[in-house]
There are 4 protein chains.
Amino acid sequence: MSRNIQVSRLDRRAVEDQEVEIVERKGIGHPDSICDGLAESVSRALSQLYLDRVGKVLHYNTDETQLVAGRAAPAFGGGEVIEPIYVLIVGRATKEYEGRQLPVDSTALAAAREYLEEALPELEYGTDVIVDVRLGEGSGDLQDVFGEETQEVPMANDTSFGVGHAPLTETETIVHETERELNTTYYADHPELGPDVKVMGKREGDRIDITVAAAMVDAHVADLEEYDDAVNGVREFVTDLAESHTDREVHVDVNTADDYEEGSIYLTVTGTSAEQGDDGSVGRGNRANGLITPNRPMSMEATSGKNPVNHIGKIYNLLSTHVAETVTDEVDGIRDLQVRLLSQIGRPIDEPHVADAQIVTEEGVELSAIEEEVVAIVDDELADVTGVTRRVIDGDVSTF
Amino acid sequence: MSRNIQVSRLDRRAVEDQEVEIVERKGIGHPDSICDGLAESVSRALSQLYLDRVGKVLHYNTDETQLVAGRAAPAFGGGEVIEPIYVLIVGRATKEYEGRQLPVDSTALAAAREYLEEALPELEYGTDVIVDVRLGEGSGDLQDVFGEETQEVPMANDTSFGVGHAPLTETETIVHETERELNTTYYADHPELGPDVKVMGKREGDRIDITVAAAMVDAHVADLEEYDDAVNGVREFVTDLAESHTDREVHVDVNTADDYEEGSIYLTVTGTSAEQGDDGSVGRGNRANGLITPNRPMSMEATSGKNPVNHIGKIYNLLSTHVAETVTDEVDGIRDLQVRLLSQIGRPIDEPHVADAQIVTEEGVELSAIEEEVVAIVDDELADVTGVTRRVIDGDVSTF
Amino acid sequence: MSRNIQVSRLDRRAVEDQEVEIVERKGIGHPDSICDGLAESVSRALSQLYLDRVGKVLHYNTDETQLVAGRAAPAFGGGEVIEPIYVLIVGRATKEYEGRQLPVDSTALAAAREYLEEALPELEYGTDVIVDVRLGEGSGDLQDVFGEETQEVPMANDTSFGVGHAPLTETETIVHETERELNTTYYADHPELGPDVKVMGKREGDRIDITVAAAMVDAHVADLEEYDDAVNGVREFVTDLAESHTDREVHVDVNTADDYEEGSIYLTVTGTSAEQGDDGSVGRGNRANGLITPNRPMSMEATSGKNPVNHIGKIYNLLSTHVAETVTDEVDGIRDLQVRLLSQIGRPIDEPHVADAQIVTEEGVELSAIEEEVVAIVDDELADVTGVTRRVIDGDVSTF
Amino acid sequence: MSRNIQVSRLDRRAVEDQEVEIVERKGIGHPDSICDGLAESVSRALSQLYLDRVGKVLHYNTDETQLVAGRAAPAFGGGEVIEPIYVLIVGRATKEYEGRQLPVDSTALAAAREYLEEALPELEYGTDVIVDVRLGEGSGDLQDVFGEETQEVPMANDTSFGVGHAPLTETETIVHETERELNTTYYADHPELGPDVKVMGKREGDRIDITVAAAMVDAHVADLEEYDDAVNGVREFVTDLAESHTDREVHVDVNTADDYEEGSIYLTVTGTSAEQGDDGSVGRGNRANGLITPNRPMSMEATSGKNPVNHIGKIYNLLSTHVAETVTDEVDGIRDLQVRLLSQIGRPIDEPHVADAQIVTEEGVELSAIEEEVVAIVDDELADVTGVTRRVIDGDVSTF
């Protein structure tokens, strides 16, 4: 077998070199990200359930969580949720196997609770948020085989498409890191910062504007002065972080919609705008690489919640990103790389119809000089396509 | 003011002396009782919320909880819930008062969680059971006043009827105590006994048959032998208990529907049949005195969940029972007493259209000899009608 | 086989002769009755579905419909529903039989729609009311056999109790007929009358007070004057009707809570109070004979929605009423008759533990003179116990 | 005022000239499109409701419909739905204005019913599909002004981005027209074709593969032979249609997953895969121009259901497409045009931060020759930004 791997010159400038660049990341507490996170954690839990009980992953898809916003009355020092958020976990799952019932609903709910408690610690499960579940049985004609002794690479049963790119531009890096660092390093010392952090990056030429909308948690904010301190704290942290990633001019704005005179500020009880008026659903926010990048081709596929054994869209989106990162890690001279995978119905998924690596080389680097190396890496990664499945089930890869 | 209190001879034999008597009690873990308990705990929580926030109880009614059964796979040593129980809390509540939002939904959910955790400790909130809530706003023309400085007795706005009786017959006592003792004293040493204990008493002449259906909790039952021990333990306990309340002949059956050969036994994961196929709702089980007594007049009114400030049906059912008990406690010579209260629209509820005490005296006791005393007690209790409201809000009185 | 049929003297006065009598009927448009009607129509549709598809009635119970009230803005000449009523049909049903799927959910919804369109013609299905359904699978160990060639009388698997009585007292007759006639004869010429008619009858000695609460439909009421005419029309009709059934003194009140000065009247868009704040559920209103009669023993059993093949509570409540009516139709000299049926676990349901006819004879009639005739009729009716099932499935008998 | 309009050369080949092109369109009966269509029809109905009642469009967003698939048992000649599809309409809407209640829930449901009856005529509303609604109140600080006398262009309150392009490539045209023509012209004579038509186009060089998945409606298909005829009919129709739009080599496949031997065919009761296992939600399918085009930049924004008065993402996506189409209609010499609009917080939305027209000219055409004309058209269209709002409310523009 020889895979159809093509390397070609990308017929545009590297995104880093384009005039205008827009990048966005919805933080883990954003209503759409909450749904992505729930869908993926439910998916992981079901994969694990099937592996534990029947030794292989059975048919399921849980990529349709819907969040209906609640109502809240935040107040300095601590307000309260008035109407709970309502979350409906939707999907398909195999509920019976060889006469044995499988607790898919209970498993889904347990995973949802665990996820919410970790991702949104201020949100009280069962009172601030109601989680309901509607998992129907699928068509039943699919029987998945991951985990079996005689494990084989599954066949593509659909024409599907995945796209990944690397390396991240400075703006992409800053946007991604801003959210990640705020929600980990910064949060560790600043409990007033809620997980609903939305970061928008806009670069025009050599100026980068970072706009952060950060939900503050009222229990940790005594008054307007403390709120103002909290906002300033975020701005300083993000400014430092951004400047460590670029030599361009950086401007950071935090909670620009605030109007202190009107008393209109971004204060929340639970740290997410889902508590008051912002609904959410799966696949509406970040792409599989954690970013929204209108400058680049993106797949519409909702990656989170899909079955990682046989859903080609999920596998190819994660794999193309992984391939792009691996290539740029290992091969010098690449300024921008875009990897596309297109499935071929009826063929094993490690033999795509086409695997296509499009490259903008760094100045002075010939494509021909690196082509062979690139093909080899792509080939290796395709050969290990089931590694994606394994990493997803183990929770080692983020899908949003 | 002089209340219309009538004392008369009850024109039938005392229930204790009738030939056939049937009595039933659904234990706190029965699906209907779960709904009663949830409705009443939500009601208490809302009363308290209103008192805390606005100093008086506002309009609400939460007497419509619906439970949809789940599915479970019990197994010796510990099985699991497959599909969660779904509970929908339904009712009306005032959500805003003088421009201030009141967290009625969140309060209802918190009360539900607390209640379930106490009443059904094996049931995991949020995974074994989903609690949802639909509390609409009422018509808004009602403004209740309990708790205000200028507290007055509310007016009756409906023709409503309450009925109570005392003393309990032997069979009633046994049925009531069986469930209460099993779920407290016995449970303390026997964690295998679930709270879904249903007790049916049937007396024919001087023979009392007690039939107990008791859900066993699988985590505490290793095998069929232990199950059989558990059933026998209950039977012995109930037999002793029953015999301490009567000199009549007592027969006790426990889990009669079991068929060991077929492997059909009453084993559960959570201690309630709601986990597998038994739905429930408010007002379908025990009456306000904790019993179902077809030998006696009963009110159809669902007492649990009703607003204790202005719902006459609730107040009169609880009050008539309380009056009956007080009278028989304090007055000698009463073999059977039935108290009926009928409201008069447009009059304060402490002035019923008629308060009617019907009595079967003990042999040798003339009605005229006790009439005055009875009237005085009824009058006192009616004068303290708001005491019922207070005891309900404080949780000092059971409604099912 | 000889059935255990006992005839005895009822040890109380006939209800007709008691001093105070209270009777109530909730009309078909009352929220509780809507639920009863839905539950029973769903039950009939499922019975029919099973008979059509597999030739026998399979296990189901649909006795748990929950209605959550909507919000409406009625207005003279025609207002509108603001928030729809939400109805949740709850129960158990067999969804698969010998590998064949049975459309129980769709059948339930179709039955609900048909019922609502007939019972509440002003209520637009799907916009004024949302009907949802949660029918789980039951425990599966029950296999019902009605409709099979080798049809046999089912066995009692529970201790259950039914009670019926006849003849109706004057007050009972008036209350029952008032609602029935208003919703048929009167409605035919008076489209302004909605089906939510609640009738309360109270008799003290020889005075009967009938209180009617009648929801008027705004599209047919142009102004307050027409509303007043509508109320007066009902009062006159009911007065005439009542006087045709009694020589006692009759007083009729209609919509007594109205306050024209305050603009508080009983005007609705759809003819039911469910549109604005009144929730409902099954088994909370009328007993199997269509009335709530606190002067008489009543079963707590919710008759509507239960499986008519094997639910003893349903069968015995309907049968005892039917027996009582048949006996008083055919035997002279009975002033009050109460029939009780008590099941015997493990025996066919036509062989109750005890069938007990308690009688108040008319003056001058000896019980012994009619006893034999009564026993014979009871025996015949018990022998035809499956006739109840048949009549229920055919829709020939009302359950509420 | 002078708008910031930039015209530049697009730094890539025209999509028509790229080596590989992928295009997809989900037909109106696809579960995701059903949600898009419902969300947008609810949105239009609410806009109209507000205009009718208060003369201006109030705050709302209804871009979150969730569809949970049902279960069905299709059969030649006509099968049946077993479990209904469940649709939850989610969003925010203003329910009260100047003390007046607005029937937003009922309006949403009525719009949903009307839409479904038109788009999916085989789907019985209320029995094959349950539509539920959860529209919360928004944050309330937004007051929209469209429709007022003093109508002004709204301010941008968010950084948002829209992208459109024109002309469509041959493959895009074929994919789009295939679905449109099948669901109108072809359907008129072929009732066996359901509206769930999914079209995938893949072009490699000069070969175009069109893959159609078309749900057939069982009531109009008597047997496998008729089914095969139906599939062939679609293939021939699509082949002719495609060849009328291109001189390239065209291959058409229809229902490739069918396996006649296994009896696995794409037969449905209602014409949509939502009846059996395929869930759906808003914004997961077609972009605002009706296509999914991974070769082009796409906005992640869910256009359907958003408020067309003040939601910049919706307006800019529709407007950029409209601008691109107008420019290519009126200006000769453009081979590929991409229009991007980026909002500027705090400025009227007709003054974007940047409006950017990137062009691939036809051979021999200089960009400078057409630049001025392009700028003028873009300027005109921006000046008429509220025209988008008007067309959306009137239903003159498709959003998916």
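Small disclaimer: the values here were computed from a predicted structure and weren't measured.

Caption draft 1: The sheet that holds strand β1 (residues 5–9) of chain A, seen in detail. Residues and elements named next belong to chain A. Reading across from one edge, β1-β18-β17-β11 is the order of the 4 strands in this open sheet, with mixed pairing throughout. Looking at which strands have only one partner, the edges of the open sheet turn out to be β1 and β11 (161–166). Looking at each pair of strands side by side, their axes are set apart by 15° on average, direction ignored. With 5 bridges connecting them, β1 and strand β18 (residues 354–361) associate as parallel partners. Note that in β18 the partner of Ser-8 across the bridge is Gln-358. Helix-sheet contacts for helix α6 (residues 367–383) involve β1, β17 (334–342) and β18, and the interaxial angle to β1 is about 145°.

Caption draft 2: Looking closely at the relation of the copies chain B and chain A. Screw-axis analysis of chain B against chain A gives a translation of 0.0 Å along the axis, an RMSD of 0.0 Å, and a rotation angle of 180°. One copy is carried onto the other by what is essentially a two-fold rotation axis. Among all residues of chain B, the minimum C-alpha distance to the rotation axis is found for B:Gly126, at 2.9 Å. With an isologous cut-off of 70% or more, the 100% of interface residues of chain B that recur at the interface of chain A puts this contact in the isologous class.

Caption draft 3: Quick look at the relation of the copies chain A and chain D. Superposing chain A onto chain D takes a rotation of 180° plus a shift of 0.0 Å along the axis, which leaves an RMSD of 0.0 Å. Interface overlap between copies: 98% of the residues of chain A at the interface are likewise at the interface in chain D, consistent with a symmetric, same-surface contact.

Caption draft 4: Spatial organisation of the UniProt feature "binding site: ATP" (unreviewed entry) in chain A. Residue and element names in this part refer to chain A. Under the present numbering, the feature "binding site: ATP" (unreviewed entry) in UniProt falls on Gly-136, Glu-137, Gly-138, Ser-139, Gly-140 and Asp-141. Position of Gly-136 among the secondary structure elements: in strand β10 (residues 129–136). Ignoring sequence-local partners within four residues, the contact set of Gly-136 consists of Gly-91, Arg-92 and Ala-93.

Caption draft 5: Region of the structure containing the pairing of strand β2 (residues 20–26) of chain B. All names here are of chain B. With 7 of 7 residues buried, β2 is to be regarded as a mostly interior element. Residues Val-20, Ile-22, Glu-24 and Lys-26 line one face of β2 and the alternating positions Glu-21, Val-23 and Arg-25 line the opposite face, and both faces are buried. Of the pairings in the sheet, the one linking β2 to strand β12 (residues 193–204) comprises 7 bridges and is antiparallel in character. Across the sheet, Lys-26 pairs through a bridge with Lys-198, a residue of β12.

Caption draft 6: A look at the interface of chain A and chain D. With 52 residues of chain A in contact, the opposing surface of chain D contributes 52 residues. Both sides together, the interface formed by chain A and chain D hides about 4300 Å², and carbon and sulfur atoms give 53% of it. The largest share of the area that chain A buries against chain D comes from A:Glu64, A:Arg284 and A:Met300, three residues that together contribute 18% of it. Connecting chain A to chain D are 8 salt bridges. For A:Asp279, the salt bridge goes to D:Arg92, with nearest N and O atoms at 2.6 Å. On inspection of chain A and its partner chain D, the count reaches 20 residue pairs in polar contact (both at pLDDT 80 or more). Only β2 (20–26), β4 (66–68), β7 (85–93), β12 (193–204), β16 (280–281) and β17 of chain A provide two or more residues apiece to the side of chain A that touches chain D. A total of 5 residues in the side of chain A that touches chain D trace back to one element, the largest contributor, which is β7(A). Grouping the amino acids of the side of chain A that touches chain D by side-chain chemistry returns 18 nonpolar, 17 polar and 17 charged.

Caption draft 7: Up close: the packing of helix α1 (residues 31–54) of chain B against helix α7 (residues 385–394) of chain B. All names here are of chain B. Direction vectors running N to C along α1 and α7 enclose 105°, while the axes themselves pass 8 Å from each other. One way to sum up the angle between α1 and α7 is to call them roughly perpendicular. On α7, the residues touching Glu-40, Arg-44, Ser-47, Gln-48 and Leu-51 of α1 are Val-392, Ile-393 and Asp-394. Residue composition of the contact of α1 with α7, grouped by class: 3 nonpolar, 2 polar and 3 charged.

Definitions and limits used
Residues numbered from 1 in each chain as written. Chains lettered and ligands numbered in written order. Predicted model: local features only at pLDDT ≥ 70, side-chain atom pairs only at ≥ 80, totals over all residues. Heavy atoms only, no water. Pairing = 2+ DSSP bridges. Helix = DSSP H or I, 4+ residues; strand = E, 2+ residues; numbered from the N terminus. Axes fitted to C-alpha atoms, helices over the stretch in contact; angles between N-to-C directions. Contact = heavy atoms within 4.5 Å. Least-squares fit on C-alpha atoms with pLDDT ≥ 70 in both. UniProt positions renumbered as here; feature names shortened; annotations may be inferred. Buried < 20%, exposed > 50% of the residue type's maximum accessible area, 1.4 Å probe, protein only. Buried area = accessible area lost by both parts, 1.4 Å probe. Salt bridge = Lys/Arg side-chain N within 4 Å of Asp/Glu carboxyl O. Polar contact = N/O pair within 3.5 Å; in protein donor to acceptor, adjacent residues only side chain to side chain. Nonpolar A, V, L, I, M, F, W, Y, C, P; charged D, E, K, R; others polar. Parallel < 35°, antiparallel > 145°, perpendicular 65-115°, else oblique.

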